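Structural characterization, general
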Amino acid sequence: MGTKVKPVQPTEIKDKKVIREIIEQIRKPIPQSIEKKLKKEDELIMKFFK
């Protein structure tokens, strides 16, 4: 009474342009203004938890 396991088919990406855009956005560096804002928020959170 074993169970049957169906083999999983790999997902095929049909629109390579969309994938390239997503990878480009992921690799893009974070702007300085956003980094400063995040650092200030981190400091406030750390003060709150102390």
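It should be noted that the structure appears before, not after, this text.
So, a few notes on the structure that sits alongside this text.

Here the focus is the overall build of the protein. A count of helical and extended segments in the protein gives two helices and zero strands. About 6,100 Å² of surface is accessible on the protein, with carbon and sulfur atoms providing 60% of the total.

Under the 1.5 Å per step criterion, the end-to-end length of helix α1 (residues 16-27) is 17 Å for twelve residues, consistent within 8% with the ideal 16 Å. Burial within α1 is sparse, with just zero of its twelve residues counted as buried.

Here we come to the packing of aromatic side chains. Inspection of every chain in the model, using the stated rule, returns one aromatic pair. Their ring planes at 75 degrees and their centres at 5.7 Å tell us that F48 and F49 sit as a pair that is edge-to-face. Pair check on accessibility: F48 and F49 agree, each one exposed.

Time to look at a nonpolar patch on the surface. Together, V18, I19, I22, I23 and I26 give the surface a local cluster of nonpolar side chains, amounting to about 410 Å² of exposed area. Secondary-structure assignment places I19 in helix α1. The class of I19 is partly exposed, set by a relative accessible area of 30%.

For helix α2 (residues 32-49), with 18 residues, the first-to-last C-alpha span of 26 Å sits near the 26 Å given by 1.5 Å per residue. Little of α2 is tucked away, with zero of its 18 residues classed as buried.

What counts, and where the lines are drawn
Residues numbered from 1 in each chain as written. Predicted model: local features only at pLDDT ≥ 70, side-chain atom pairs only at ≥ 80, totals over all residues. Heavy atoms only, no water. Helix = DSSP H or I, 4+ residues; strand = E, 2+ residues; numbered from the N terminus. Areas by Shrake-Rupley, 256 points an atom, 1.4 Å probe, with all protein chains shown as cover. Expected span 1.5 Å × (residues − 1). Buried < 20%, exposed > 50% of the residue type's maximum accessible area, 1.4 Å probe, protein only. Phe/Tyr/Trp six-rings, centres within 6.5 Å; stacked < 30°, edge-to-face > 60°. Patch = residues over 30% accessible without salt bridge, like charges linked within 9 Å, V, L, I, M, F, W, Y side chains within 5 Å. Salt bridge = Lys/Arg side-chain N within 4 Å of Asp/Glu carboxyl O.

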